[in-house]
Amino acid sequence: MLAIPVLACQSPSQRNRDAQALALDAGLSAAARLVSVENQRIFDGITDDDLGSRDPAIRRRAARALARIGNPGAVNSLFKALSDEDGDVVAWGAYGLGYACRSEGVNAAEIVRGLVTRAPTLPPPVVAELDPTFALARALGHCASDEAEKTLEAWLSGPRPRASFAALGIGDIASKRKTLAEPTQLALLAAAAGSLTSAPLPSALYAFGRLEHPLESALDRLREVASARLADAGPDRIFAIRALSRAGAKAAGELGRILTAAEGFTPAERAEAARGLGRLGDAGQRRLAEALSSLVPARDPLALTTLGTSAFGPLLVALETLQRSDRAPAKRLLYELAGLAAPKDAPAVLARRVTRLRCRAAALLVNGAAEEPLLVRCDPDENGEIGQRAQLEILGRRPIQGRRLALFRKLLGSPHVRVREAAVELLGAHPEIEDVSTIIGAALAASEAGLVATAAEVATRHPERLAGTQHASRRTADAGALAPAAIAPEVSNGLKRALEREWPGDAIETVGALLEASGALRFEAATAKLESYCRHPNPTLREHAARALALMKNAKSSCETAALPAEAAPELTHLVPTPVKLDIVTDAGPLGLMLDPTVAPVTVTRIA
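Residues numbered from 1 in each chain as written. Predicted model: local features only at pLDDT ≥ 70, side-chain atom pairs only at ≥ 80, totals over all residues. Heavy atoms only, no water.

### Section: the overall build of the protein
Phase 1: On a plain count of helices and strands, the protein comes out with 31 helices and two strands.
Phase 2: For 608 residues, the compact-globule formula gives about 25 Å, and the C-alpha radius of gyration of the protein, at 27 Å, lands near that figure.
Phase 3: Taken over the C-alpha atoms alone, the protein extends approximately 75 × 70 × 50 Å along its principal axes.
Phase 4: Taken across its 608 residues, the protein has 50% of its residues classed as buried. (Helix = DSSP H or I, 4+ residues; strand = E, 2+ residues; numbered from the N terminus. Rg over C-alpha atoms; globule rule 2.2 N^0.38 Å. Buried < 20%, exposed > 50% of the residue type's maximum accessible area, 1.4 Å probe, protein only.)

### Observations concerning the packing of aromatic side chains
Phase 1: Within this structure, the stated rule accounts for three aromatic pairs.
Phase 2: Summarising the aromatic geometry, the rings of Phe134 and Phe165 are spaced 5.2 Å apart at their centres and angled 80° between planes, so their arrangement reads as edge-to-face. Taken together, the residues span a long stretch of sequence, with Phe134 in helix H8 (residues 132-143) and Phe165 in helix H10 (residues 162-177) at a distance of 31 residues.
Phase 3: Residue class for Phe134 comes out partly exposed when judged on its relative accessible area of 28%. (Phe/Tyr/Trp six-rings, centres within 6.5 Å; stacked < 30°, edge-to-face > 60°.)

### Remarks on the environment of Gly519
Phase 1: When you line up the elements, Gly519 lands in helix H28 (residues 508-520).
Phase 2: The spatial distance from the C-alpha of Gly519 to the C-alpha of Ala546 is 9.4 Å, given a sequence separation of 27 residues.
Phase 3: Discounting chain neighbours no more than four positions away, the residues touching Gly519 are Ala548, Leu551 and Met552. (Contact = heavy atoms within 4.5 Å.)

### Quick notes on the confidence of the model for the protein
Should pLDDT be low for a region, the predicted coordinates there are not to be read in detail.
Phase 1: When pLDDT is averaged along the protein, the result is 89, and 91% of the positions lie at 70 or above.
Phase 2: Considering only residues more than four positions removed or in separate chains, one finds that residues 5-17, a stretch of pLDDT under 50, has 25 contacts.
Phase 3: This model gives residues 470-479 a pLDDT under 50, and the stretch forms 17 contacts once residues within four places in sequence are excluded. (pLDDT = per-residue confidence, 0-100.)

### Some details on the packing of helix H27 (residues 489-500) against H28
Phase 1: The contact between H27 and H28 brings their axes to 10 Å, and the two run at 140°. What the angle tells us is that H27 and H28 run oblique. Viewed along their axes, H27 and H28 form a crossing whose handedness is left-handed. Taking contact as the criterion, the partners of Leu495, Ala498 and Leu499 in H27 are, on H28, Leu514, Leu515 and Ser518.
Phase 2: Partitioning the contact of H27 with H28 into residue classes produces five nonpolar, one polar and no charged. (Axes fitted to C-alpha atoms, helices over the stretch in contact; angles between N-to-C directions. Parallel < 35°, antiparallel > 145°, perpendicular 65-115°, else oblique. Left-handed = near helix turned anticlockwise from the far one by under 90°. Nonpolar A, V, L, I, M, F, W, Y, C, P; charged D, E, K, R; others polar.)

### Here we look at the layout of surface pockets
Phase 1: Taken as a whole, the largest pocket holds about 1200 Å³ of empty space.
Phase 2: Asn39, Gly505, Ile508, Asn538 and Ala566 are the residues nearest the centre of the largest pocket, which is lined by 39 residues in total.
Phase 3: Looking at the lining of the largest pocket, the elements that each hand over two or more residues are helix H2 (30-40), helix H4 (56-69), helix H6 (87-100), H27, H28, helix H29 (527-533), helix H30 (539-553) and helix H31 (601-607).
Phase 4: Here the lining of the largest pocket gets five residues from one element, more than from any other, and that element is H31.
Phase 5: Residue composition of the lining of the largest pocket, grouped by class: 21 nonpolar, seven polar and 11 charged. (1 Å grid on protein atoms, 1.4 Å probe; cavity = no way out; pocket = protein on both sides within 12 Å on 5 of 7 lines; lining within 4 Å. Points joined across faces, edges and corners; volume = space filled by probe spheres on them.)

### So, the environment of Ile584
Phase 1: Positionally, Ile584 belongs in strand S1 (residues 580-586).
Phase 2: When neighbours within four sequence positions are excluded, Ile584 is seen to be in contact with Gly589, Pro590, Leu591 and Leu593.

### Re helix H15 (residues 267-277)
Phase 1: For H15, the tally of buried residues reaches eight of 11 residues, placing the bulk of the element in the interior.
Phase 2: Of all the residues in H15, the buried ones are Glu269, Arg270, Ala271, Glu272, Ala273, Ala274, Gly276 and Leu277.

### Let's talk about the packing of helix H14 (residues 252-260) against H15
Angle between the axes and distance between the axes: these two values describe a pair of packed helices.
Phase 1: Two numbers describe how H14 lies on H15: the axes approach to 8 Å, and their chain directions differ by 145°. Crossing handedness for the pair H14 and H15: left-handed. Where H14 abuts H15, its residues Ala252, Leu255, Gly256, Ile258 and Leu259 lie against Glu269, Arg270, Ala273, Ala274, Gly276 and Leu277.
Phase 2: Tallied by class, the residues present in the contact of H14 with H15 amount to seven nonpolar, two polar and two charged.

### Things to note about the side chain of Ser518
Phase 1: Tracing the backbone shows Ser518 in helix H28.
Phase 2: With a relative accessible area of 0%, Ser518 lands in the buried category.
Phase 3: Beyond its immediate chain neighbours, meaning those up to four positions away, Ser518 contacts Leu495, Leu499, Phe523, Ala526, Leu530 and Met552.

### Thoughts on the state of the cysteines
Phase 1: Under the definition given, this model contains three disulfides.
Phase 2: The disulfide partner of Cys101 is Cys143, and the S-S distance across this bridge is 1.9 Å. Between Cys101 and Cys143 the sulfur-sulfur dihedral comes to about 80°; the bridge is accordingly right-handed. Remark: Cys143 occurs in helix H8 and Cys101 occurs in the loop between H6 and helix H7 (108-118); sequence separation between them is 42 residues. We note that Cys101, like Cys143, is buried.
Phase 3: The disulfide bridge from Cys359 ends at Cys378, spanning 2.0 Å between sulfur atoms. The disulfide joining Cys359 to Cys378 has a torsion of about 95° about its S-S bond and is therefore right-handed. Pair noted here: Cys359 is in helix H20 (residues 348-365) and Cys378 is in the loop between helix H21 (373-376) and helix H22 (385-395), with a separation of 19 residues, a long-range link. Here Cys359 matches Cys378 in class, with each residue buried. (Disulfide = S-S within 2.5 Å.)

### Side note on unusual backbone geometry
Phase 1: The linkage connecting Arg160 with the following residue, Pro161, adopts the cis geometry, with an omega of 0°.
Phase 2: Positionally, Pro161 belongs in the loop between helix H9 (146-155) and H10.
Phase 3: With phi around 65°, Lys178 is a residue other than glycine that occupies positive phi space.
Phase 4: Note that Lys178 resides in the loop between H10 and helix H11 (182-193).
Phase 5: In this structure, Asp345 is a non-glycine residue whose phi angle is positive, near 60°.

### Thoughts on the nonpolar core
Phase 1: Core analysis: the biggest nonpolar cluster contains 118 residues, and Ile46, Ile111, Leu115, Leu205, Leu259, Leu292 and Leu307 have the highest contact counts within it.
Phase 2: At eight residues, the largest contribution of residues to this core is made by H10.
Phase 3: If we ignore the near neighbours within four places in the chain, the residues touching Ile111 are Val75, Phe79, Leu97, Ala100, Cys101, Val106 and Cys143. (Core = buried A, V, L, I, M, F, W, Y, C linked by side-chain atoms within 4.5 Å.)

### Considering H8
Phase 1: Its 12 residues give H8 an end-to-end C-alpha distance of 16 Å, which sits within 8% of 16 Å, the value for a rise of 1.5 Å per residue.
Phase 2: Counting buried positions over the 12 residues of H8 gives nine, a clear majority of the element.
Phase 3: Every buried residue belonging to H8 is among Pro132, Thr133, Ala135, Leu136, Ala137, Ala139, Leu140, Gly141 and Cys143, and all of these are buried.
Phase 4: Where H8 is buried, its residues meet H6, H7, H9 and H10.
Phase 5: The N-cap of H8, judged by a side-chain oxygen 2.8 Å from the amide nitrogen of Thr133 a few residues on, is Asp131.
Phase 6: Ala144 sits one or two residues past H8 and shows a positive phi near 55°. (Expected span 1.5 Å × (residues − 1). Polar contact = N/O pair within 3.5 Å; in protein donor to acceptor, adjacent residues only side chain to side chain.)

Structural data, given as structure tokens:
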């Protein structure tokens, strides 16, 4: 095995004793025990004997468990997995190390050095889904350091498939940092273009779709290379389309051509071209307006049936991306769409899609007037969700005051929970709405988990707007947070009720949002609850609790170890052994899902 540096010493004897006790108590084989400790997130349940077992299947299960548990204390053990001679064990070790890079207190530079040291002598993969080279490249991308970027850049000129994996890893860095060094961008363009001795690498364009601003001096070259890759049909072509959206206004013509292509591009690619045009300012808006004549079907019943097919996607995305309705051809077509009627006895999916087009077209034409009859009547259902969502969008474009405020309050009481969520989301961008505390307090006390989570997220982002009247001057200087006891009573009551509620085990996002809102609002009554979640078996909830406690105490806080393991999932007694194909029939068409238990056995069994 290759020697990989470790970060600190641990006490393997205690870990071994705990794991052995667990195995004896449960009467499990080593393989079954490792599946159980992975599912229950028992970090101490993986022993050095497991990682050093002569049976590669045991080492693979141990490495997978360490990687998926996500405990920062597992870094040393993951390095041991990285040095293994089995490709699957190495892949899991790399995956876990890449995940660990995001944890506070972990030496990311040391992890990157360990990954780079291991790279030249990686073993071959055992199964195609767990290629150690792929896992290592993505781990470097997740760590996103300068050294990681330079290493991946060097791999771009090397053999396939490592070069393709490196391109994806660089895309991960771009996703995290929103920028890349000039040599990296130039190397990506060279790889995507190809040469006399190497074929083009389409995945090298992936990173450009993640950048905020590519090199100004390289925009012409980016446009040229991305346009050339449009000839290469396949899953990587979407990267070229996204890269064009970052290639400046001159790319609008090429994106417009893709959007209006009746053949040669998939509906998903054409929809992506429409989104790209939305990034290109006035040039993109002109092309979107011009494209409508090719996208809008004729008004006869036969032509309208195409709206029930995948052709609907590019048209809807183009309308959602279009921001101006003052160009003559587009304005005429928008009025036609706003008055469109579904064919008699149309299927529900077609009627709903016609309504979405009517309301979107009306929203573009009314110019911010949310009570215009064209918009109010766009949904045949007077209290329809589509029409109400369109009205909310229009309300958000201008200050919400007077009659607009009255309409906003009406929509806050909508029978559709997604409308109520969207209304609460608008609060953050509209400081002119004064009774935010009342609205947020009521939403926190609601029965719908999504509405509660939305209210908590707004509270976390805007705590300064939730002070009681008598506490309006007691805001602290740090990030607009409230001083202790300054929360409006409506908010504190709603937050208290939400925190005390018995949420189902899968309401992770809702509970996490409530924890972070408690921290942002300095809600001291929640301290005990936060500390209890700091010992929760679920690592995601511990992360939320740590962030909340850090906000509460205005100091760093960590919650690394669970007080007790989670309850074992009942699926452990009858895990699905092979991949499962699910065919789902929806009113928008069939959807196929292939579920592989190799990487998520309990989840696959639960869904199947």
